[in-house]
Amino acid sequence: MARPKRRTALLPQRHKEPDLFVCDILDATPKGDRASMEHPLFSLSVKKDMTPFDYRRGEVGLRIVPAAEEGRANIFDRDILIYVLSQLMAAKEEGRPIGRRVRICAYDLLKATNRHTSGQAYGTLRRALVRLQYTQIHTNIHDHGISAWRQISLITDATIVKEDETGRMLDVELELGEWLVKAVENNNVLTLSRDYFQLRKPLERRLYELARKHCGQQAEWKIGLVTLKEKCGSNSTDKEFKRLIKTICDTDEGEHHMPDYRFRLVAGNLVVHPRPELTLALGSDSRTALPDDLPISSEAIEKGRTLARGWDIHALQHEWRCWVSEKGIPVKNTDAHFLDFCRKRGPYEASLL
């Protein structure tokens, strides 16, 4: 009798040989907006999640109210936004106009995000669109000392433009929340590994997002499990959460299944290191090593923290150096030039949603 195949840590690559019809679509590098990577906007539950979710970190507060019909948008629904943001960013880089209304081909979306293209997959996609549209996010933003609460949506409209004779959707027209389009316009996005779509577990996907946002290519990023649980938006008990993290770390130690980063559990902390191949895998927003010929004083770094409150100051330093290097900009006063860069970026909360 044939021995059953062992379940691998990653989902299989379901579309290994893309045909010409989707080749240019797959060339659009996956992108994630920084706000969703920083804060737990999406549920980690694959079951219908009808429980309102509250989160507060520093000055940022969130209350997420699930859609009445399908529940709260989950982290697999986020694939749709990653796909659309990738298309918008590719169009922007080519100099084409972008806006809130986007038309996509459902088949291309399913293939690009490593999903099945069966009839059931189209039904799943339809329910995901409902969750994305009707999940409401109540949040505060802080701009120049003024605090306000506002209600936002991930997408504000979803229209199935065409259906075939079986009822499968062919084209879908979406209207994105304004804050997502602003993320693309302001380059507030980060490149994601295509292997992200092969991660099976919601928590694995969330850990990768946090590592990509906070570690980049720093030698190490460390976070305590209490804080990590909050940033993941996990409803597990502390004991269960630690067990889940340990399982992921143990699997990664043996199979190296997590993209771009190594994950270890050390003395109650999750410790993340970038893999050597990360620099080549990521695009222009990766933290590639640059000659340290643009030094910034510690005083300027502290002032930069104030001007660009809420942003990762190490990431900003790297972005500034990349920008100066790629554009060939002559810099006479590195401190003043970097602080002007931080001033234009502004507080993270004001740019968040």
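Predicted, not measured: the structure shown is a model, and the values here were computed from it.

Chemist: Pulling in residues and values, what's your account of the overall build of the protein chain?
Modeler: A tally of helices and strands in the protein chain yields 14 helices and twelve strands. Going through the 353 residues of the protein chain one by one, you find that 50% of them count as buried. Summarising the internal contacts of the protein chain: among those between residues at least 6 apart in sequence, 68% fall at separations of at least 24. When the accessible surface of the protein chain is split by element, carbon and sulfur atoms take 51% of a total near 17500 Å².

Chemist: Let's hear about the sheet that holds strand S8 (residues 169-176): which residues, and what values?
Modeler: Whenever strands of a sheet pair, they do so through backbone hydrogen bonds, lying parallel or antiparallel. One open sheet accounts for three strands, arranged S4-S8-S7; its pairing is antiparallel. Two strands lie at the open edges of the sheet, namely strand S4 (101-105) and strand S7 (155-163), each paired on one side alone. This sheet shows a mean twist of 20° between the axes of neighbouring strands, independent of strand direction. Inspection of the sheet shows S4 paired to S8 by five bridges, in the antiparallel sense. Looking at S8, one finds that Ile-104 is bridged to Val-172.

Chemist: Would you mind going over the packing of aromatic side chains in detail, with residue names and values included?
Modeler: This model, assessed by the stated rule, comprises four aromatic pairs. Judged by centre distance (5.6 Å) and plane angle (80°), the ring pair of Tyr-196 and Phe-197 falls under edge-to-face. Assigned by exposure class, Tyr-196 and Phe-197 land together as buried. On the numbers, 6.1 Å between centres and 55° between planes, the contact of Tyr-208 with Tyr-261 is tilted.

Chemist: Now, about the sheet that holds strand S12 (residues 269-274): what can you tell me, with residues and values included?
Modeler: Read across the open sheet, the three strands follow the order S10-S12-S11; overall the sheet is antiparallel. Of all strands in the sheet, those with a lone pairing partner are strand S10 (221-224) and strand S11 (261-266), marking the two edges. Taking each pair of neighbouring strands and ignoring which way they run, the sheet shows an average axis angle of 20°. One ladder, built from six bridges, connects S11 with S12; its direction is antiparallel. Residue pairing in the sheet places Tyr-261 in a bridge with Pro-274 of S12. Those strands touched by helix H7 (residues 202-214) are S10, S11 and S12, and its axis lies near 105° from that of S11. The strands touched by helix H8 (residues 225-232) within the sheet are S10, S11 and S12, with S10 carrying the most contacts at an inclination of about 90°.

Chemist: Talk me through the pairing of S8; I want residue IDs and the actual numbers.
Modeler: Across seven bridges, S7 lies against S8 in antiparallel orientation. Bridging from a neighbouring strand, Glu-163 pairs with Met-169 of S8. Taken together, S7 and the strand that follows it, S8, pair antiparallel across an intervening segment of five residues, in which Gly-167 is found at a positive phi of about 95°.

Chemist: Can you lay out the nonpolar core for me, pointing to particular residues and giving the numbers?
Modeler: The nonpolar side chains of a soluble globular protein tend to be buried, and buried together. Ranked by internal contacts, the top residues of the largest apolar core, which has 71 residues, are Leu-207 and Leu-228. Element by element, the count of residues in this core is highest for helix H3 (residues 78-93), at eight residues. Excluding residues that lie within four positions of it along the chain, Leu-228 makes contacts with Leu-207, Leu-210, Ile-223, Phe-241, Ile-245 and Leu-270. Listed in part, the 15 residues of the second largest apolar core include Ile-296, Ala-308, Trp-311 and Cys-342.

Chemist: Residue-level account of helix H13 (residues 334-345), with values.
Modeler: An α-helix turns once every 3.6 residues. As a result, residues three or four positions apart point the same way. For H13, spanning twelve residues, the distance from its first C-alpha to its last is 17 Å, which sits close to the expected 16 Å at 1.5 Å a residue. Buried residues of H13: Thr-334, Phe-338, Leu-339, Phe-341, Cys-342 and Arg-345, and no others. Take H13 and look down its axis: the buried residues cluster within an arc of 155°, on one side only. Where H13 begins, the capping side chain belongs to Asn-333, and its oxygen is found 3.2 Å from the backbone nitrogen of Asp-335. In the segment just after H13, Gly-346 is the residue with positive phi, at about 75°.

Conventions adopted
- Residues numbered from 1 in each chain as written.
- Predicted model: local features only at pLDDT ≥ 70, side-chain atom pairs only at ≥ 80, totals over all residues.
- Heavy atoms only, no water.
- Helix = DSSP H or I, 4+ residues; strand = E, 2+ residues; numbered from the N terminus.
- Buried < 20%, exposed > 50% of the residue type's maximum accessible area, 1.4 Å probe, protein only.
- Contact = heavy atoms within 4.5 Å.
- Areas by Shrake-Rupley, 256 points an atom, 1.4 Å probe, with all protein chains shown as cover.
- Pairing = 2+ DSSP bridges.
- Axes fitted to C-alpha atoms, helices over the stretch in contact; angles between N-to-C directions.
- Phe/Tyr/Trp six-rings, centres within 6.5 Å; stacked < 30°, edge-to-face > 60°.
- Core = buried A, V, L, I, M, F, W, Y, C linked by side-chain atoms within 4.5 Å.
- Expected span 1.5 Å × (residues − 1).
- Arc of directions from axis to C-beta.
- Polar contact = N/O pair within 3.5 Å; in protein donor to acceptor, adjacent residues only side chain to side chain.

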